[in-house]
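Tertiary structure, described
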Amino acid sequence: MPAPRPESWIQVTNRGFYVTPGGFYVDPTRPVDYAVVTHGHADHARPDHGHVLATPETLAIMRHRYQERAGGTHDPMRYGEARKIGEVTVRFVPAGHVLGSAQAVLEYKGSRVVVSGDYKRRSDPTCPPFEPVPCDAFVTEATFGLPVFRHPDAAGEVRRLIDARAQFPERAILVGSYALGKAQRLISLIREAGYDRPIYLHGALMGLCELYQELGIDLGPLERATGQNKKTLAGEIVLAPPAALNDRWARRLPEPLPTMASGWMRVRQRARQRGVELPLVISDHADWDELTQTLHDVGAPQVWVTHGSEEALCHWASQQGFDARALAVVGWGEEESDPEEATAQETEPSEQTGQAG
Ligand SMILES: [Zn+2]
Ligand SMILES: [Zn+2]
């Protein structure tokens, strides 16, 4: 008997991606009975599900952010383990996006679909690298799915950040970075460059950095920026949520040099809007070359494109002979799509629980 076609057992509903013979959703955008969650960003990991299957790290992140609303029961599954849910076998493979991030590999009667969540192919000291899994249908993001998006080498961007200290010894180097994933990766990259001074943090970044350290990611010496003598912070690196770059909080720093680490910094207009003087193009999402390379690597005849520039990637994939279609999952892709929106509600010292990237 031929394997069932992927679209016969998976559907997009108003709650998101539903796997019919398993009776579960992947990264549902509203509360459901049974959720398989790829990673801890708020657009993928929502509160209030009945049962959550995710990596131990993703579950820890959800508990940290949502506390009693993190879900009724938590079922940790490590990379490489497998679970049978209904008639579907599920396993997790690293996605290389943030700590705990996983691709969900779904198998039903000989048909295999991979829901990759968000991913990147660059090295990231905070999580294991993306692994391509051959499949019949590959569900890919398209956050940076335009040829204009080609991320430079992150180590070079971090070098520019460290060099700015020597150039502006009187100023605090204030870097806008999302609370989950970006801040910790940036700190790790700064450490890899040999920088061992304390790194100062806005209170909204503290909790998740501590959680990463509890989960075994060494971030070196971290200090709270708030409460420091203004002079102490001259020539120091200070990380804050993007929204803090231009708000009152930044005024307590000595002549802050506004910096931002995001894939969107490729777009000069975005940097200018935020008043960013030192844009750093560092992203936790695949760029155009990584997206197209990945489609070749997994070799899935069917490519389903979600969140981002779906049309451009679908067009390219169709030209390459893939059967490509845009899957509109409403609610995915809010984390890095609009930094303004993403962090507008962050205020110190309360923990950030909204979108991140
Ligand atoms: Zn994400
Ligand atoms: Zn996403």
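Below: a short report on this structure. If you're wondering where the values come from, they're calculated on a predicted model, not measured in any experiment. (Residues numbered from 1 in each chain as written. Chains lettered and ligands numbered in written order. Predicted model: local features only at pLDDT ≥ 70, side-chain atom pairs only at ≥ 80, totals over all residues. Heavy atoms only, no water.)

1. Regarding the packing of helix α3 (residues 154-167) against helix α4 (residues 182-192)
Remark: α3 packs on α4, axes separated minimally by 10 Å, with the N-to-C direction vectors making an angle of 80°. In terms of their interaxial angle, α3 and α4 are classed as roughly perpendicular. The segment α3 lies against α4, with Ala154, Val158, Leu161 and Ile162 engaging Arg185, Leu186, Leu189 and Ile190. (Axes fitted to C-alpha atoms, helices over the stretch in contact; angles between N-to-C directions. Helix = DSSP H or I, 4+ residues; strand = E, 2+ residues; numbered from the N terminus. Parallel < 35°, antiparallel > 145°, perpendicular 65-115°, else oblique. Contact = heavy atoms within 4.5 Å.)

2. A few points about the pairing of strand β1 (residues 10-13)
In this structure, β1 lies alongside strand β2 (residues 16-19), joined through four bridges in antiparallel fashion. Along β2, the bridge assignment pairs Gln11 with Tyr18. (Pairing = 2+ DSSP bridges.)

3. Topic: the packing of aromatic side chains
With the rule as written, the count across this model stands at 11 aromatic pairs. Each ring, one from Tyr119 and one from Phe138, has its centre 6.1 Å from the other, and the planes form 65°; the classification is edge-to-face. You can see Tyr119 sitting in the loop between β10 (111-115) and β11 (137-142) and its partner Phe138 sitting in strand β11, a full 19 residues away along the chain. Tyr119 sits in the buried class, given a relative accessible area of 0%. When the ring of Phe144 is compared with that of Trp264, the centres are 4.7 Å apart and the planes differ by 55°; the resulting orientation is tilted. Of this pair, Phe144 sits in the loop between β11 and α3 while Trp264 sits in the loop between β16 (257-261) and α6 (268-273), placing them 120 residues apart in sequence. Like Trp264, Phe144 is buried. Members of the aromatic cluster, joined through ring pairs, are Phe17, Trp304 and Trp332. (Phe/Tyr/Trp six-rings, centres within 6.5 Å; stacked < 30°, edge-to-face > 60°. Buried < 20%, exposed > 50% of the residue type's maximum accessible area, 1.4 Å probe, protein only.)

4. Observations concerning unusual backbone geometry
Located in the positive-phi region is Asp48, a residue other than glycine, with phi close to 75°. In this structure, Lys109 is a non-glycine residue whose phi angle is positive, near 50°. Structurally, Lys109 is set in the loop between β9 (102-108) and β10. By relative accessible area, Lys109 is classed as exposed at 52%.

5. Quick notes on the pattern of salt bridges
Per the counting criterion, the structure on display carries 18 salt bridges. The partner of Asp284 in a salt bridge is Lys120, and the shortest N-O contact between them spans 3.1 Å. Placement of Asp284 in the loop between β17 (278-280) and α7 (288-298) and of Lys120 in the loop between β10 and β11 is noted, with a sequence separation of 164 residues between them. Taking the relative accessible area as the measure of exposure, Asp284 reaches 0% and is therefore buried. (Salt bridge = Lys/Arg side-chain N within 4 Å of Asp/Glu carboxyl O.)

6. Looking at the nonpolar core
Membership of the largest hydrophobic core comes to 37 residues, with the highest contact counts inside it found for Val175, Leu186, Ile187, Ile190, Ile199, Leu201 and Leu239. At six residues, the largest contribution of residues to this core is made by helix α5 (residues 203-214). Aside from chain neighbours lying at most four places away, what touches Ile199 is Ile187, Ile190, Arg191, Pro221, Leu222, Glu223, Ile237 and Leu239. (Core = buried A, V, L, I, M, F, W, Y, C linked by side-chain atoms within 4.5 Å.)

7. With respect to the coordination of the zinc ion (ligand 2)
Taken together, the protein ligands of the zinc ion (ligand 2) are His44 (NE2), Asp118 (OD), Asp118 (OD) and His307 (NE2), with distances of 2.1 to 2.8 Å. Taken together, the four donor atoms coordinating the zinc ion (ligand 2) span angles of 51 to 111° at the metal, a pattern that classifies the geometry as irregular. Read in sequence order, the donor residues for the zinc ion (ligand 2) give the motif H-x73-D-x188-H. In this structure the zinc ion (ligand 1) is found 3.9 Å away from the zinc ion (ligand 2), and Asp118 serves as a bridging donor for the pair. Here the residue Asp118 occupies a position in the loop between β10 and β11, and His307 occupies one in strand β18 (residues 302-308), the gap between them amounting to 189 residues. His307 shares its class with Asp118; the two are buried. (Donors = N, O, S within 2.8 Å, 3.2 Å for Na, K, Ca; no water. Tetrahedral: all angles 85-135°; square planar, octahedral: opposite > 155°, others 65-115°.)

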